[in-house]
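Residue-level structure breakdown
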Amino acid sequence: MSRTRRTAPTGGTPRPTVSVCRGCCCGTPKIPDVDHAGQLAGLRSSLGDSATVRVVDCLDACEQADVIVVQPSAEGRRAGGRPVWLGLVNDPDAVADIAAWVGAGGPGLADPPAILDLYVFRPSRRVQRELGD
């Protein structure tokens, strides 16, 4: 059986994309004591035109709720940046750290604050296959 090698896209968006999961668990009362609407509004307000912030359906990483995925800009991808999955993002300070990092360029262009290492996780191989990255 031959394997097809997947190559990185050459295009991409001119700015990073921040995908905020709002599926079956993320952004719901299942994760109590979190201002989910405020989290999303804070990201949009902090990032303005420096990144695209979008709401996505369930990313199938419910044990990590609330999940945010930061995808690099085209320039960031050319510099070696790859999507970064952040889980258990239920603290306003973590959201502020994500916004500051993405505002500085995000994956491939700026180093994330060291504290974000505590939130980084790798999704299952099945989820990675389904998302194509």
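Residues numbered from 1 in each chain as written. Predicted model: local features only at pLDDT ≥ 70, side-chain atom pairs only at ≥ 80, totals over all residues. Heavy atoms only, no water.

Further remarks concern the packing of helix 1 (residues 36-47) against helix 3 (residues 92-103). Contact geometry of helix 1 with helix 3 gives a least axis separation of 10 Å together with a crossing angle of 25°. Taken as axis vectors, helix 1 and helix 3 run roughly parallel relative to one another. The crossing of helix 1 and helix 3 is right-handed. When helix 1 is examined against helix 3, the residues Gln39, Leu43, Ser46 and Leu47 are found in contact with a partner set consisting of Val95, Ile98, Ala99, Val102 and Gly103. Partitioned by chemical class, the residues of the contact of helix 1 with helix 3 number six nonpolar, three polar and no charged. (Axes fitted to C-alpha atoms, helices over the stretch in contact; angles between N-to-C directions. Helix = DSSP H or I, 4+ residues; strand = E, 2+ residues; numbered from the N terminus. Parallel < 35°, antiparallel > 145°, perpendicular 65-115°, else oblique. Left-handed = near helix turned anticlockwise from the far one by under 90°. Contact = heavy atoms within 4.5 Å. Nonpolar A, V, L, I, M, F, W, Y, C, P; charged D, E, K, R; others polar.)

A few words on the pairing of strand 3 (residues 68-71). Here strand 1 (residues 17-21) runs beside strand 3; their pairing, made up of four bridges, is antiparallel. Looking at the pairing, Thr17 lines up with Gln71 of strand 3. The pairing of strand 3 with strand 4 (residues 84-86) spans three bridges and is classified as antiparallel. In the sheet register, Ile68 faces strand 4, and the bridge partner there is Leu86. (Pairing = 2+ DSSP bridges.)

It is worth spelling out unusual backbone geometry at this point. Omega for the peptide link from Ala65 to Asp66 comes to 0°, which places this bond in the cis form. Relative to the elements of secondary structure, Asp66 occurs in the loop between strand 2 (52-56) and strand 3.

This brings us to the nonpolar core. Within the largest apolar cluster, 21 residues are counted, with the highest numbers of intra-cluster contacts made by Val18, Leu43 and Ile98. Mapped onto this core, the elements with two or more residues apiece are strand 1, helix 1, strand 3, strand 4 and helix 3. Sorting elements by how many residues they give to this core places helix 3 first, with six residues. In contact with Ile98, other than residues within four places in its own chain, are Leu43, Ile68, Val70, Leu86, Val89 and Leu116. Judged by nonpolar contacts, the second largest core, of 14 residues, contains Cys25, Val34, Val56 and Val67. (Core = buried A, V, L, I, M, F, W, Y, C linked by side-chain atoms within 4.5 Å. Buried < 20%, exposed > 50% of the residue type's maximum accessible area, 1.4 Å probe, protein only.)

On average, residues of the protein score 89 in pLDDT, and 88% of them are at 70 or above. In the model, residues 1-9 has pLDDT below 50 throughout and makes five contacts with residues more than four positions away in sequence or in other chains. (pLDDT = per-residue confidence, 0-100.)

This part covers the pattern of salt bridges. Following the criterion strictly, the structure yields two salt bridges and no others. Where Asp66 meets Arg22, a salt bridge forms, and the shortest distance between an N and an O atom there is 3.9 Å. Residue Asp66 is found in the loop between strand 2 and strand 3, and its partner Arg22 is found in the loop between strand 1 and helix 1; the two are separated by 44 residues along the sequence. Comparing Asp66 with Arg22, the two get one shared label, buried. For Arg126, the salt bridge identified is with Asp60, shortest N-O distance 2.1 Å. Of the two residues, Arg126 sits in helix 4 (residues 125-131) while Asp60 sits in the loop between strand 2 and strand 3, which places them 66 residues apart along the sequence. (Salt bridge = Lys/Arg side-chain N within 4 Å of Asp/Glu carboxyl O.)

Compared with an ideal rise of 1.5 Å per residue, which puts twelve residues at 16 Å, helix 1 spans 17 Å between its outermost C-alpha atoms and is within 8% of the ideal. Within helix 1 the residues assigned to the buried category are His36, Gln39, Leu40, Leu43 and Leu47. Burial along helix 1 is one-sided: seen end-on, the buried residues are contained in an arc of 95°. Along helix 1, exposed side chains directed more than 90 degrees from the buried face belong to Ala37, Ser45 and Ser46. At its buried positions, helix 1 is contacted by strand 1, strand 2, strand 3 and helix 3. Just beyond helix 1, the residue with positive phi is Gly48, at close to 45°. (Expected span 1.5 Å × (residues − 1). Arc of directions from axis to C-beta.)

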